[in-house]
Amino acid sequence: MSVFQGAYRAHTNIALIKYWGKANKDLFIPTTSSLSLTLDALYTDTRVTFSNELDADIFYLNNQLRNEAETAKISKFLDMFRQEAGVDLRAKVESVNHVPTAAGLASSSSAFSALAAATRQALNLEDQISDQALSTFARQGSGSATRSIFGGFVEWQKGTTNENSMAVEIDDASWDVGMVIMAINTAEKRVSSREGMAHTMQTSPFYPEWVRQNMIDLERIKAAIAKQDFQLMGEIAEANAMRMHATTMASDPSFTYFEPDTIKAIQAVQDLRATGVLAYYTIDAGPNVKVLCKASQMDEVEAFFAERFKDMNFIQTTAGPGIKPLDRWEYDDGAIL
């Protein structure tokens, strides 16, 4: 019996300069570059086992066998690596998400980064595929996964081809950068990111201006990060998030990811900032509000919000690392071949 195995952890990321729209939907090449912060508290562990005893791919998510459609998507992703390695072995994929799935907390970013890294390891492709090249593979599972290959602040350079639409690490974010996530609703959202961005591109008159302004925002925030100017970084990120959501509201028919508590949370962040605390909100395709703040002030920030949102779940996190191999698989017998 021939068995090849890899296991990796990847952390989710939150975009401060948003990705919203594809220039090439087949290759997941975006209309704009983007920039994110990798988060330590939210991650996915994935083990991939190739074996000549398997006659079909098998996919488990959170210890639950997934359906044919979900497995087909994983198989298509694995095919890129099988072609690179020149093998036709089937695989068992086991993935454990420490992120609520499909709720605007970017679970797909860590999921496909971990899958890409574990598959590369299992098929002994680490000498052939660098981390930067691996980001182009991860991108074809989920656009945001491009950025989770690396830690800290990461830019996804939009590029024009499969080979140059890739991630670049910008800064390790070790200068007191933190985030408090307000988990307003972690149920699966009604409009997926993929559906939402396609509809926005097709129908929103604001979309061309979004593309133009996003390029400006990206250069400005990179300069702010280089100077470790927390206030300017937060101001740019907050404005960029609202511009993205403005495009959805201007779509036809209009839609929004906001819920009533999303608006209340935005107001709460503004009230907190009025007290002198540097706190800035960003919101992806979902209702949950992420508050960029100093890591040293996360307890203070959470306490302020807890006074206003009695039943809210909060997640504190600092900047997270890039992909890391797992020496032990914690979810069954612990074996890593």
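Per an unreviewed UniProt entry, the chain carries the name diphosphomevalonate decarboxylase and comes from Aerococcus viridans.

J.: Even after reading the chapter, I still don't get the environment of Pro 205, so can you show me in this structure?
T.: Residue position: Pro 205 is located in the loop between helix H4 (193–203) and helix H5 (207–226). A residue is classified by how much of its surface remains accessible, and Pro 205, at 59% relative accessible area, is exposed. The spatial distance from the C-alpha of Pro 205 to the C-alpha of Leu 27 is 25 Å, given a sequence separation of 178 residues.

J.: Please explain the sheet that holds strand S11 (residues 279–282) as it appears in this structure.
T.: Hydrogen bonding along the main chain pairs the strands of a sheet, whether they run parallel or antiparallel. Read across the open sheet, the 4 strands follow the order S11-S12-S10-S13; overall the sheet is antiparallel. Pairing within the sheet leaves two strands with one partner each, and these edge strands are S11 and strand S13 (313–318). Within the sheet, the average angular offset between the axes of one strand and its neighbour, ignoring direction, is 25°. Relative to strand S12 (residues 289–294), strand S10 (residues 177–183) runs antiparallel, the two being bridged by 6 bridges. From the neighbouring strand, Gly 178 faces S12, where its bridge partner is Cys 293. Contacts from helix H6 (residues 230–249) reach S10, S11 and S12 within the one sheet, and its direction differs from that of S11 by about 25°. Against the sheet, helix H8 (residues 298–308) engages S10, S12 and S13, with an angle of about 165° to S13.

J.: Teacher, can you tell me more about the environment of Asp 88 here?
T.: Inspection of the secondary structure puts Asp 88 in the loop between helix H1 (68–85) and strand S7 (90–98). At 2.7 Å, the side chain of Asp 88 forms a polar contact with the side chain of Arg 90.

J.: Is there a simple way to think about the packing of helix H2 (residues 107–122) against helix H3 (residues 131–139) in this case?
T.: Helix packing geometry: the angle between the two helix axes and the distance between the axes. Where H2 meets H3, the closest approach of the two axes is 9 Å, and the angle between their N-to-C directions is 120°. Judged on the interaxial angle alone, H3 and H2 are oblique. Considering the relative orientation of H2 and H3, their crossing is right-handed. Each of Phe 112, Ser 113, Ala 116, Ala 117 and Arg 120 in H2 lies in contact with H3, whose residues at this interface are Asp 131, Leu 134 and Ala 138. For the contact of H2 with H3, a count of residues per class yields 5 nonpolar, 1 polar and 2 charged.

J.: So what exactly am I meant to see when it comes to helix H7 (residues 260–274) here?
T.: Along an α-helix, residues three or four positions apart point the same way, because every turn accommodates 3.6 residues. Over its 15 residues, H7 runs 22 Å from end to end, which matches the ideal 21 Å to within 8%, given 1.5 Å per residue. Buried residues of H7: Thr 262, Ala 265, Ile 266, Ala 268, Val 269 and Leu 272, and no others. Looking down the long axis of H7, one finds its buried residues gathered within 160° of arc, a one-sided arrangement. Counted as exposed and oriented over 90 degrees from the buried face of H7: Pro 260 and Ala 274. Buried residues along H7 sit in contact with S10, H6, S11, S12 and H8. At the C-terminal side of H7, Gly 276 shows a positive phi close to 105°.

Calculation criteria
Residues numbered from 1 in each chain as written. Predicted model: local features only at pLDDT ≥ 70, side-chain atom pairs only at ≥ 80, totals over all residues. Heavy atoms only, no water. Helix = DSSP H or I, 4+ residues; strand = E, 2+ residues; numbered from the N terminus. Buried < 20%, exposed > 50% of the residue type's maximum accessible area, 1.4 Å probe, protein only. Pairing = 2+ DSSP bridges. Axes fitted to C-alpha atoms, helices over the stretch in contact; angles between N-to-C directions. Contact = heavy atoms within 4.5 Å. Polar contact = N/O pair within 3.5 Å; in protein donor to acceptor, adjacent residues only side chain to side chain. Parallel < 35°, antiparallel > 145°, perpendicular 65-115°, else oblique. Left-handed = near helix turned anticlockwise from the far one by under 90°. Nonpolar A, V, L, I, M, F, W, Y, C, P; charged D, E, K, R; others polar. Expected span 1.5 Å × (residues − 1). Arc of directions from axis to C-beta.

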